[in-house]
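# Structural description and commentary
The primary structure of each chain is shown beneath.
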Amino acid sequence: MAHWLFKSEPDVFGWDHLTALGQAGSEWDGVRNYQARNIMRQMAIGDTGFFYHSRTGLEIVGIVEVIATAHPDSTAQDGKWECVDVRALKRLPRPVTLDQIKSDDRLSDMVLVKNSRLSVQPVSDAEWQIVLELAGHSPD
DNA sequence: GCCAACGTTGGC
DNA sequence: GCCAACGTTGGC
């Protein structure tokens, strides 16, 4: 199962917004970047991803689960843009800050560090485990 | 709020 | 098809 990272500004759509929607989750709509769209097309149901607060917060706050594969974005006029659906799975015991990620040599290749503008990103298995470890997340 | 980095657009 | 101009994102 693959891992991803979703970025959102908490003022616009934060972790609390997503948790409020419960099991039904939400479309990850509004993405207007081809690279991000192509990444979403690779996602499978059951994949998990980090939820990152950009601009204010600057930290990974929770884990989301992909509950629908890529489909047309309902907020786009033409059929050009697509999105997946996600639901909140679990809040991290401790948020993992961008500073922590940047200062950890093992995470120097994370897209979050290398291409901070990309709003949907792949996360490697190794990166996933390291971030969970930093978050104090106990394996279940 | 500033601005660097990046992506997109459009004139040539 | 190049590249300057423009718009947007997101860290600072």
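Residues numbered from 1 in each chain as written. Chains lettered and ligands numbered in written order. Predicted model: local features only at pLDDT ≥ 70, side-chain atom pairs only at ≥ 80, totals over all residues. Heavy atoms only, no water.

## Points about the layout of surface pockets
Left-over empty space is what a probe sized like a water molecule reveals as it rolls over the atoms. Its boundaries defined by the atoms lining it, the largest pocket holds a volume of some 460 Å³. Taken together, 21 residues make up the lining of the largest pocket; nearest its centre are Lys7, Ser8, Glu9, Ser54 and Ser119. Secondary-structure elements contributing two or more residues to the lining of the largest pocket are strand S1 (3–8), helix H1 (10–13), strand S2 (26–27), helix H4 (98–103) and helix H5 (111–114). Looking at the lining of the largest pocket, its residues break down into 9 nonpolar, 6 polar and 6 charged. (1 Å grid on protein atoms, 1.4 Å probe; cavity = no way out; pocket = protein on both sides within 12 Å on 5 of 7 lines; lining within 4 Å. Points joined across faces, edges and corners; volume = space filled by probe spheres on them. Helix = DSSP H or I, 4+ residues; strand = E, 2+ residues; numbered from the N terminus. Nonpolar A, V, L, I, M, F, W, Y, C, P; charged D, E, K, R; others polar.)

## Re the sheet that holds strand S4 (residues 59–72)
Taken in spatial order, the 6 strands line up as S2-S5-S4-S3-S1-S6 in an open sheet, and their pairing is mixed. Looking at strand neighbours, the two that pair on one side only are S2 and strand S6 (120–123), the edges of this open sheet. Here 2 bridges tie S2 to strand S5 (residues 82–97), and the two strands are oriented antiparallel to one another. Across the sheet, residue serine 26 finds its bridge partner in S5, namely valine 86. (Pairing = 2+ DSSP bridges.)

## Topic: the protein's contact with DNA strand C
As a structural note, the neighbourhood of DNA strand C is formed by Lys7, Tyr52, Ser54, Arg55, Leu58, Leu98, Lys102, Ser116, Arg117 and Ser119. Across the atoms of DNA strand C situated within 4 Å of the protein, the share located in sugar and phosphate is 55%. The contact in question runs from a phosphate oxygen of DNA strand C to an N or O atom on the side chain of lysine 7, over 3.4 Å. Here tyrosine 52 contributes a side-chain N or O atom positioned 3.0 Å from a phosphate oxygen of DNA strand C. A breakdown of the residues in the surface near DNA strand C according to their chemical character gives 3 nonpolar, 3 polar and 4 charged. (Near = heavy atom within 4 Å. Polar contact = N/O pair within 3.5 Å; in protein donor to acceptor, adjacent residues only side chain to side chain.)

## Here we look at the pattern of salt bridges
Summed over all chains, the structure comprises 8 salt bridges. Two residues, aspartate 16 and arginine 91, come together in a salt bridge whose shortest N-O distance is 3.2 Å. Note that aspartate 16 is positioned in helix H2 (residues 15–20) and arginine 91 in strand S5, a separation of 75 residues in sequence. Salt-bridge contacts for glutamate 133 lead to arginine 106; the nearest nitrogen and oxygen are separated by 3.5 Å. Of this pair, glutamate 133 sits in helix H6 (residues 125–134) while arginine 106 sits in the loop between H4 and H5, placing them 27 residues apart in sequence. Look at the salt bridges and you will find they share partners, linking Asp104, Arg106 and Glu133 into a network. (Salt bridge = Lys/Arg side-chain N within 4 Å of Asp/Glu carboxyl O.)

## Topic: the environment of valine 31
Looking at the secondary structure, you find valine 31 in the loop between S2 and helix H3 (34–41). Through-space distance from the C-alpha of valine 31 to that of isoleucine 130 is 27 Å; in sequence the pair is 99 residues apart. Excluding its chain neighbours within four sequence positions, the residues that come into contact with valine 31 are Ala36, Arg37, Met40, Asp73, Trp81, Ser119 and Val120. (Contact = heavy atoms within 4.5 Å.)

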